[in-house]
Amino acid sequence: MSKILIKEARIIDPSQGLDNIKDILIEKGRIKAIGDDLFELEAQIIEGKGLIACPSFVDLHVHLRDPGQEYKEDLQSGMKCAVAGGYTALVCMPNTKPPIDSPEVAQYIIKKAEGVGLCRVFPSSAITKGRKGQELVDFYSMKKAGCVAFTDDGAPLMDSRLMEKALELTSQIGSFVMNHCEDDKIAIGHINEGYISSLLGIKGRRASAEDVLVARDCILAYHTGGHIHIQHLSSALSIDIIRFFKDKGAKITCEVNPYHLLFTEEEIFNSYSNAKVNPPLREKKHQDVLLEALKDGTIDCIATDHAPHAPWEKGLLEKAMPGMIGLQLALPMMLQLVREGHISLMKMVDLMSCKPAKTLGIEDHGSIREGSKANLTLFEPERVWTLNEKSNLSKSKNTPLWNKILKGKVIYTIFEGRLVYRDV
Ligand code: DOR
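What you are looking at is a predicted structure, and each value in this text was computed from that prediction instead of being measured.

**Quick notes on the site of the ligand**
The environment of the ligand is made up of 14 residues, and the closest members are Arg65, Asn95, His180, Asn278 and His309. Measuring from an oxygen atom of the ligand, one finds a side-chain N or O atom of Asn95 at 2.8 Å. The backbone of Asn278 places a nitrogen or oxygen atom 2.9 Å from a nitrogen atom of the ligand. Considering the ligand on its own, with 290 Å² of exposed area, one finds that the protein chains cover 93% of that surface. One can see that the ligand is located within the largest pocket.

This is the structure we're talking about:
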């Protein structure tokens, strides 16, 4: 395996509070040395001046659409997007066709991802068979097959008794539950319910749909001692509920999608169905609370909810599939929040790498130190670029940011000591 020597990069590693310009020598898949004026004759040299080196990103919420909907994305295209976005570990969602509710499907994903070899892909298992919300999967065999968490993603588990059991059983096997919290009897519309949905005469999705399920899941996590991870938060009251139960000692982690931090419901006027996502983009009053919760640590992770869809699935707003691609866009979006003064670079890396790695319990990610696996990302914070036909590596292009000017780009991604992405 080749050696890599990164010269004079600014290393940002929240796991050690490190912010320093140093050289990094990588050998046999691990970080051999971090220091000044390192020299290694046989190493491939990466000029790190002007670049930030950080632990590579970990995404707890990705739709790779493989098996079954490879016209939107497949493991190979999704993994290429991931490394171009600085990610080397992904948790993929089980809303595939067939869903990930059997060890065979989980194993298909793991084997295919190993064959591609660009990064780690950890499948999540459905909580219930067929994601139908009725019968629990066999948690133990799904974990044994390689699933790292349990979620009926996109189809919130409404049966409280099943959720209670899922929390109990996953905690017994050292795993956790992730839930898309929107009560499906309340969340029946297409965009946020508010002024704009009334103006357009389009059925809205209420924030209360999220709040009731977040409250229920937090209560059940509190009583069972199980670990709940709340997916893509969008509502202000949900943040208060999570804060309350975290303070009471419940095992709760949560994520937010960069789109909910940067866009409001008004984006529908610019991007129409490309701004449709579940839960929906909401008003600024919600966004302000999410931003505050990023700062105070209530929100643990940034997750992209990378949700590719074909152009014909993004037609008429009322009929369009919800979701946006995000793997290549998360870094420039988060850097915008850094530039606007909402969070520091250190905090950004913590939210995109260290905390998701900790939530997942993977020790080979989330830190740059001597002896650790060499999983790192080098990015240029001021590089201007656009996501377009040439730079996009996804099979889909459903994003409000298509062809828009972006600032901040991944230049190199290193996975287990191998250069798996380089900006050309
Ligand atoms: O907008 C969304 N799209 N939210 C989800 O929960 C599912 C996802 C998808 O699979 O497209």
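From this point, the narrative continues.
**Focus: the nonpolar core**
Among the nonpolar cores identified, the biggest contains 80 residues, and Leu294 and Met348 are the most heavily contacted of them. Non-local contacts of Leu294, meaning those with residues more than four positions away in its chain, are made with Val256, Leu261, Ile299, Ile302, Met334, Leu337, Ile343, Lys347 and Leu351.

**A few points about empty space enclosed by the protein**
Within the structure shown, the criterion is met by four cavities of 30 Å³ or more. Looking at the largest cavity, its volume works out to about 50 Å³. Forming the boundary of the largest cavity are Ile191, Asn192, Thr264, Glu265, Glu267, Ile268, Ala275, Pro280 and Leu281. Taken together, the elements giving at least two residues each to the lining of the largest cavity come down to β10 (191–192) and α9 (267–271). Of the residues belonging to the lining of the largest cavity, the class tally is five nonpolar, two polar and two charged. In this structure, the second largest cavity occupies an estimated 40 Å³ of space. In this structure, the second largest cavity is lined by Ala84, Gly85, Gln328, Leu331, Pro332, Trp385, Gly408, Lys409 and Val410. Broken down by secondary-structure element, the contributors of at least two residues to the lining of the second largest cavity are α11 (330–339) and β16 (405–415). If you tally residues by element for the lining of the second largest cavity, the top one is β16, at three residues. Taken together, the residues of the lining of the second largest cavity sort by class into five nonpolar, three polar and one charged.

**Examining the sheet that holds strand β12 (residues 228–230)**
Strand pairing in a sheet relies on backbone hydrogen bonds, with the paired strands running either antiparallel or parallel. On the basis of which strands lie adjacent, the open sheet formed by four strands has the order β9-β12-β13-β14 and parallel pairing. Among the strands making up the open sheet, the edge pair consists of β9 (177–179) and β14 (301–302). In the sheet, β9 pairs with β12 via three bridges, with the strands oriented parallel. Across the sheet, the residue bridging to Val177 is Ile228, located in β12.

Rules used in this analysis
- Each chain carries its own residue numbering, running from 1 in the direction its sequence is written.
- Given that the model is predicted, a residue must reach a pLDDT of at least 70 before its local features are reported, and side-chain atom pairs must reach 80 or more before they are shown or counted; all residues, however, enter totals for whole chains, interfaces and linings.
- Derived side-chain values reflect all non-hydrogen atoms in the structure, with water molecules and hydrogen atoms excluded from consideration.
- If a single non-hydrogen atom of a residue is within 4 Å of a molecule or strand, that residue counts as near it.
- The term polar contact refers here to a pair of N or O atoms within 3.5 Å; inside protein, the definition further demands a hydrogen-donor-capable atom paired with an acceptor-capable atom, and it admits residues adjacent in sequence only when both atoms are side-chain atoms.
- Reported accessibility uses the Shrake-Rupley method at a 1.4 Å probe radius. Residues are deemed covered only where the shown protein chains occlude them.
- Cavities and pockets are defined on a 1 Å grid built over the protein atoms alone: a cavity is a set of grid points where a 1.4 Å probe fits but cannot escape, while a pocket is an open set with protein on both sides within 12 Å along at least five of seven lines, and lining residues are those with an atom within 4 Å of any such point.
- A molecule is said to be in a cavity or pocket once over half of its atoms fall within 2 Å of that pocket's grid points.
- Take the buried residues of types Ala, Val, Leu, Ile, Met, Phe, Trp, Tyr and Cys, join any two whose side-chain atoms come within 4.5 Å, and each joined set is a nonpolar core.
- Relative accessibility under 20% of the residue-type maximum defines a buried residue, over 50% an exposed one, and the middle range a partly exposed one, all with a 1.4 Å probe and only protein chains included.
- Contacts are assigned to residue pairs with any non-hydrogen atoms lying within 4.5 Å of each other.
- Grid points are joined across faces, edges and corners, and a volume is the space filled by probe spheres set on the points.
- Secondary structure follows DSSP: runs of H or I at least 4 residues long count as helices, runs of E at least 2 residues long count as strands, and numbering of each begins at the N terminus.
- Think of it as three bins: nonpolar holds Ala, Val, Leu, Ile, Met, Phe, Trp, Tyr, Cys and Pro, charged holds Asp, Glu, Lys and Arg, and polar takes everything else, Gly as well.
- A strand pair is defined by DSSP finding two or more bridges across the two strands.

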